[in-house]
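As a plain string of letters, each chain reads:
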Amino acid sequence: MKEQDWHGLKEALLNDIGKNNFKNWIEPLDLSHVEDGVATFSVPTSFVGNYVSQQYGDQILFRVQSVSSDIRRVHFQVPASTAASRAAPKPVARPAAPERPAQVPTAPLDRRFTFDTFVVGKPNELAHAAAKRVAEGGPVTFNPLFLYGGVGLGKTHLMHAIAWELQQRRPELNVVYLSAEQFMYRFVQALRERKMMDFKSMFRSVDVLMVDDVQFIAGKDSTQEEFFHTFNALVDQNKQIIISADRAPDAIENLEERIKSRMQCGLVVDLHPTNYELRLGILQSKVEFYREQYPDLELADGVLEFLAHRISKNVRVLEGALTRLFAFASLIGQEINLEMTQDCLADVLRASDRQVSVEEIQRQVSDHYNIRLSDLVGPKRVRVYARPRQVAMYLCKQLTSRSLPEIGRRFGKRDHTTVMHGVRRIEELRQSDAQIAEDIDLLRRALDG
Ligand code: ADP
Ligand code: MG
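1. Quick word on the site of ligand 1
- Residues in close proximity to ligand 1 total 18 residues, the closest being Val 119, Gly 152, Thr 156, His 157 and Glu 319.
- At a separation of 2.8 Å, an oxygen atom of ligand 1 approaches a polar side-chain atom of Arg 316.
- Between an oxygen atom of ligand 1 and a side-chain N or O atom of Glu 319, the distance comes to 2.7 Å.
- Elements with a minimum of two residues in the shell around ligand 1: helix H6 (155–169), helix H11 (276–293) and helix H13 (315–332).
- Taken domain by domain, the makeup of the shell around ligand 1 includes at least three residues from each of domain 2 (122–270) and domain 3 (276–351).

Structure representation (structure tokens):
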């Protein structure tokens, strides 16, 4: 999140809380910095800070997450210069930096991005295994490791995890992680300050170089050129390089051919969009974390399954949704159930609507139970039709945004109370009847595509 994002959000907050409250409490806030998932705002006094935090903290967090879903907390702080009064002397000019050893300043690593917190599933198991291998710090076997995949699938997480682990195992190594954007920034700065020699020798003394989001330098010719030289110099010295991008090397437009082909010399692995199991696994592991933060909150059965089913393939969106849900539930002090979830996340759900249709569910269910579609929605009440019908109704309630009356209409013009009864019955049976539980699981997976 940037300063200008905050300005945009202020407008939204003005609408949320009204002009007077806004003038008193929100107007004076400035975005100070964002670090480790915490957005810090500067406030004029600690009273304002406390009040805003209590009264508007959740609303501000909610808005902030709409532009930056990885932010988990908002924090309000009186800036040090105000707090420490006039007595504090102005910082004196720093002593000149020593000539050597110049170290490449590494971008800060996110504390949460470790192998421990990375949930492994089919879509990311190769990338995870490759990252693990590199993190052992043994002899270089593939160079570079090129990780690619869509946004929010865990590229940065894996790179940070490698860096953390290397720091543990091989503290003597000079491990550098930075984004391609930062690489360019440093390069341009070196050019401007006529320090290209320093720049070159600095990067060439690195033992492990990780460059995130390398697609960024495509089309930036002199940066590409310099990156290519750095890359080659390190490969020649048998130093490990790890690169990430949002797509495969040959799919990056305006990236020089020779760079593409060097990237492909190593191991290229992709992170696939998540599947249902992985999303559920990630949600379960994040919930553990929230349970510590919100020990009193109850989470109803089926909510995580619902989210895993309905929310997009991108983990960042999934996490943001969960954060919001817990924040919201703690704010109103109620159990998190399906209804609240649908309410609280209406916009997210709409945006990532998978559009499973009632018809699709009916088709799957009748296939599964080997009955005719016309019997599934027809009037016959014998158990062989009635049970699958209830299962289908239950899935419609869970997986679509249709209301009970709407669902009823599509099941042979049945009443909404019939649907409600069916949904409840299946909810009970899921607990007591292993066969039903398994049927539901299989059907859900089939519908997940
Ligand atoms: P990318 O760099 O590919 O855009 P990130 O690494 O920033 O994605 O991941 C986005 C968010 O999703 C991060 O908070 C990260 O911790 C989380 N995340 C992604 N994949 C996983 C996973 N397999 N297990 C746990 N968290 C994950
Ligand atoms: Mg990233």
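2. Observations concerning the domain arrangement of the chain
- In terms of domains, the chain is made up of domain 1 (3–80), domain 2 (122–270), domain 3 (276–351) and domain 4 (358–447).
- Here the C-alpha centre of domain 4 lies 24 Å away from the C-alpha centre of domain 3.
- Each partner contributes residues to the interface: domain 3 has 10 residues there, and domain 4 has 10 residues.
- Buried surface at the junction of domain 3 and domain 4, both sides included, amounts to about 860 Å², of which 45% is carbon and sulfur.
- Of all residues in domain 3, the largest losses of buried area upon contact with domain 4 belong to Tyr 276, His 309 and Arg 310, amounting jointly to 44% of the total for that side.
- Our enumeration of links across domain 3 and domain 4 arrives at 1 residue pair in polar contact (both at pLDDT 80 or more).
- Ranked by residue count, the leading element in the side of domain 3 that touches domain 4 is helix H12 (residues 303–310), at 4 residues.
- Taken together, the residues that form the side of domain 3 that touches domain 4 break down as 3 nonpolar, 3 polar and 4 charged.

3. Some thoughts on the packing of aromatic side chains
- Throughout the structure, instances matching the rule amount to 13 aromatic pairs.
- When the ring of Phe 41 is compared with that of Phe 76, the centres are 5.7 Å apart and the planes differ by 20°; the resulting orientation is stacked. Residue Phe 41 is located in strand E2 (residues 38–42), and its partner Phe 76 is located in strand E3 (residues 73–77); the two are separated by 35 residues in the primary sequence. In this structure, Phe 41 and Phe 76 share a single accessibility class: buried.
- Arranged with centres 5.9 Å apart and planes meeting at 50°, the rings of Phe 227 and Phe 231 form a pair that is tilted. Highlighted residues: Phe 227 and Phe 231, both in helix H9 (residues 221–236), separated by 4 residues, approximately one helical turn.
- Its relative accessible area of 2% is what places Phe 227 among the buried residues.
- Counting every residue linked through ring pairs, the aromatic cluster contains Phe 183, Phe 187, Phe 199, Phe 203, Phe 227 and Phe 231.
- A cation sits over an aromatic face here: Lys 220 above Phe 216, 4.1 Å from the ring centre.

4. A closer look at helix H1 (residues 3–17)
- Its 15 residues place the ends of H1 21 Å apart at the C-alpha level, agreeing with the 21 Å of an ideal helix rising 1.5 Å per residue.
- Every buried residue of H1 is listed here: Trp 6, Leu 9, Lys 10, Ala 12, Leu 13 and Ile 17.
- Taken from the residues just after H1, Gly 18 is the one with a positive phi, measuring 85°.

5. Details of helix H5 (residues 125–135)
- Listing the buried residues of H5 in full gives Ala 127, His 128, Ala 130, Ala 131, Val 134 and Ala 135. Relative to the axis of H5, the buried residues are bounded by an arc of 165° and lie together on one face.
- Where H5 is buried, its residues contact strand E4 (145–149), H6, strand E7 (240–245) and strand E8 (267–271).
- Positive phi shows up at Gly 137, right after H5, with a value of about 75°.

So, how was this worked out
Residue positions within a chain follow its written sequence, with the count starting from 1. Just so you know, chain letters begin at A and ligand numbers begin at 1, following the order they were written in. For a predicted model such as this one, the threshold for reporting local features is a pLDDT of at least 70, and the threshold for listing and counting side-chain atom pairs is 80 or more; totals across whole chains, interfaces and linings nevertheless cover every residue. Computation of side-chain values: all heavy atoms of the structure, hydrogens and water removed. Near residues are defined by distance, with any heavy atom within 4 Å of the molecule or strand qualifying the residue. Definition of a polar contact: a pair of N or O atoms within 3.5 Å, with one able to donate and the other able to accept a hydrogen when the atoms are protein atoms, and with sequence-neighbouring residues admitted only if both atoms are side-chain atoms. By the criteria applied, helices consist of DSSP H or I runs no shorter than four residues and strands consist of E runs no shorter than two, each listed in order from the N terminus. The split into domains, and so the bounds of each, comes from an automatic or database assignment of domains. Contacts were defined at the residue level, with two residues in contact if any of their heavy atoms lie within 4.5 Å. Here the quantity called buried area is the accessible surface, traced with a 1.4 Å probe, that two parts lose on coming together, added over both. Note that Gly is not counted as nonpolar here; it falls among the polar residues with everything else outside the nonpolar set of Ala, Val, Leu, Ile, Met, Phe, Trp, Tyr, Cys and Pro and the charged set of Asp, Glu, Lys and Arg. Whether two aromatic rings pair depends on their centres lying within 6.5 Å, for rings of Phe, Tyr and Trp, where Trp uses its six-membered ring; planes under 30 degrees apart make the pair stacked, over 60 edge-to-face, and the rest tilted. Burial classification: accessible surface area is computed with a 1.4 Å probe over protein chains only, and a residue below 20% of its type maximum counts as buried, one above 50% as exposed, and the rest as partly exposed. Counted as over-ring charges are cases with an Arg CZ or a Lys NZ within 6 Å of the ring centre that also lie within 35 degrees of the ring normal. Multiplying one less than the number of residues by 1.5 Å gives the expected span of a helix. Throughout, the arc means the angular range of directions from the helix axis out to the C-beta atoms.

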